[in-house]
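Working through the structure, step by step
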Amino acid sequence: MAVALLDLIEKALRVAKQALGNHAGKPESGGLPREAHIVAHCIRKEEGHTFTELVDRLGLMPEVCDRLGIHPEALPDPTTFYHSLDRYAMYVWRALLRVSAQQLRQSGHVALDSTFFERDQASQYYLQRQSRTVTTIKATTLTDTESLAVLDVHCCIEREHDTKAGPRVVRRNADDLRAVVADNGFQDWHTEYELSAYDLDYRVHHRGSKLMAVAHNALNRTNGYPQRWMAETSYSTTKRTQASALRSRFWYRQFREIVLMFALHNIKKTAKKL
């Protein structure tokens with residue numbers, strides 16, 4: 001669903017300032033406010049622009065420039081925004097995701113699931129020259145089953161198994177969770193034993209057709225396991241309204257891009273709809 005661009009920018013500015021904390025505002029060396037860079041990346045992802053197109057479009061939107069502290073007749077170079085994606089460390093983008101999720105009501109009941117993003121935007125010649133064979137990045141997320149807010153995301157390239165990636169995401173957010181639902185890809189007795197120490201209701205679908213597994217799965221279905229599909233809904237919404245393919249060539253930039261996409265997904269849920 002389309003959202004009002006100016007309202008989206010206002011919401012993104014507020015979230016960016018909260019995520020940056022004491023570092024919000026203009027740096028001592030001058031230039032644009034730090035939060036303006038983050039909002040510019042949100043606009044770029046929402047509209048599907050390149051960095052060059054982003055600067056060109058900003059020149060046609062004086063109201064947006066005014067809110068970002070940019071003079072329409074003295075626009076920054078596209079490389080300014082390009083390098084800002086590297087300049088802000090990963091913890092800044094994670095803070096943006098966390099704060100954006102806090103703008104939505106959180107029930108404590110989450111769905112644990114994984115999805116994949118294509119990373120084959122570069123030419124085949126470039127892929128062969130760089131000896132790059134991995135064409136997708138795996139993202140494991142926690143999604144609130146009521147608000148569809150994405151609370152956290154873990155990215156990896158080496159195809160880390162769900163039973164390894166899942167507990168990492170849950171551990172980081174265990175204090176705020178009450179129940180976690182997950183499919184049988186996350187089913188592992190080591191994981192269940194570990195997460196039981198956090199006083200969580202871990203509802204994971206068990207493999208097999210043994211009587212114990214069937215009874216366990218039937219109990220899960222009555223206790224909210226069907227809400228796991230909410231994670232798929234958040235993935236579908238993000239990929240349809242933005243893009244499932246990553247534009248960045250380097251893996252660390254692609255990780256930032258994925259976190260930004262889910263943060264934008266959260267922010268858009270609070271923005272005014274058209």
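Below, the structure is looked at part by part. (Residues numbered from 1 in each chain as written. Predicted model: local features only at pLDDT ≥ 70, side-chain atom pairs only at ≥ 80, totals over all residues. Heavy atoms only, no water.)

**Remarks on the environment of T191**
Of note, T191 is situated in helix α9 (residues 189–196). Owing to a relative accessible area of 3%, T191 belongs among the buried residues under this scheme. In the structure, T191 is positioned 117 residues away from A74 in sequence and 54 Å away in space, judged by C-alpha atoms. Leaving out residues up to four positions away in the same chain, T191 has contacts with T163, P167, F186 and Y202. (Helix = DSSP H or I, 4+ residues; strand = E, 2+ residues; numbered from the N terminus. Buried < 20%, exposed > 50% of the residue type's maximum accessible area, 1.4 Å probe, protein only. Contact = heavy atoms within 4.5 Å.)

**Topic: the side chain of D162**
Checked against the element boundaries, D162 lands in helix α8 (residues 162–173). Exposure remark for D162: the relative accessible area of 16% places this residue in the buried category. Among the polar contacts made by the side chain of D162, one reaches the side chain of S114 at a distance of 3.2 Å. Not counting the four nearest positions on each side in its chain, D162 is found in contact with S114, K138, P167, G185 and F186. (Polar contact = N/O pair within 3.5 Å; in protein donor to acceptor, adjacent residues only side chain to side chain.)

**Describing the nonpolar core**
For soluble globular proteins, nonpolar side chains are generally found buried alongside one another. Formed by 52 residues in total, the largest nonpolar core has its most connected members in L58, L68, F81, L96 and I258. Among the elements that make up this core, the one with the highest residue count is helix α12 (residues 251–270) (nine residues). Among the nonpolar cores identified, the runner-up in size contains 17 residues, and L104, V170, L200 and V204 belong to it. (Core = buried A, V, L, I, M, F, W, Y, C linked by side-chain atoms within 4.5 Å.)

**What to know about the packing of helix α1 (residues 5–20) against α12**
Each pair of packed helices gets described by two things: the angle between the helix axes and the distance between those axes. Here α1 crosses α12 at 120°, and the two axes come no closer than 9 Å. Considered as vectors, α1 and α12 are oriented oblique to each other. α12 is crossed by α1, and the crossing has right-handed handedness. In this structure, α1 uses D7, L8, K11, A12 and V15 to contact α12, whose residues at the interface are L264, I267, K268 and T270. Split into classes, the residues belonging to the contact of α1 with α12 amount to five nonpolar, one polar and three charged. (Axes fitted to C-alpha atoms, helices over the stretch in contact; angles between N-to-C directions. Parallel < 35°, antiparallel > 145°, perpendicular 65-115°, else oblique. Left-handed = near helix turned anticlockwise from the far one by under 90°. Nonpolar A, V, L, I, M, F, W, Y, C, P; charged D, E, K, R; others polar.)

**Re the pattern of salt bridges**
Tallying each qualifying case throughout the model produces 12 salt bridges. Taking the shortest distance from any N to any O, the salt bridge between R67 and E10 comes out at 2.5 Å. A residue pair is termed long-range when its members are at least 10 positions apart, and R67 in helix α4 (residues 62–68) and E10 in helix α1 qualify at 57 residues. Residue class for E10 comes out partly exposed when judged on its relative accessible area of 36%. As a salt-bridge pair, R94 and D152 come within 3.2 Å of each other at their nearest N and O atoms. Of this pair, R94 sits in helix α6 (residues 90–102) while D152 sits in strand β3 (residues 150–156), placing them 58 residues apart in sequence. R94 gets classed as partly exposed once you look at its relative accessible area, which sits at 24%. Taking relative accessible area as the criterion, D152 reaches 7% and is therefore assigned buried. Through salt bridges with shared partners, a single ionic network connects E10, E63 and R67. (Salt bridge = Lys/Arg side-chain N within 4 Å of Asp/Glu carboxyl O.)

**Observations regarding the side chain of R256**
In this fold, R256 is placed in helix α12. Despite its burial, R256 pairs with no opposite charge; the closest candidate is D86, at 5.2 Å N-O. (Lys, Arg positive; Asp, Glu negative; His and termini not counted.)

**Examining unusual backbone geometry**
Located in the positive-phi region is L148, a residue other than glycine, with phi close to 65°. Phi at D199 is positive, roughly 60°, even though this residue is not glycine. By secondary structure assignment, the location of D199 is in the loop between α9 and β5 (201–204). Assessed through its relative accessible area of 69%, D199 is described here as exposed.

**Some points on the state of the cysteines**
Scanning the model with the defined rule gives zero disulfides in all. Residue C155 stays outside any disulfide, its sulfur separated by 7.8 Å from that of C156, the closest cysteine. (Disulfide = S-S within 2.5 Å.)

**Considering the environment of L148**
Residue placement: L148 occurs in the loop between β2 (136–144) and β3. Between the C-alpha atom of L148 and that of A74, which follows or precedes it by 74 residues, the distance is 39 Å. With residues up to four places along the chain from it excluded, the contact list for L148 reads T143, M230, T233, S234, H265, N266 and K269.

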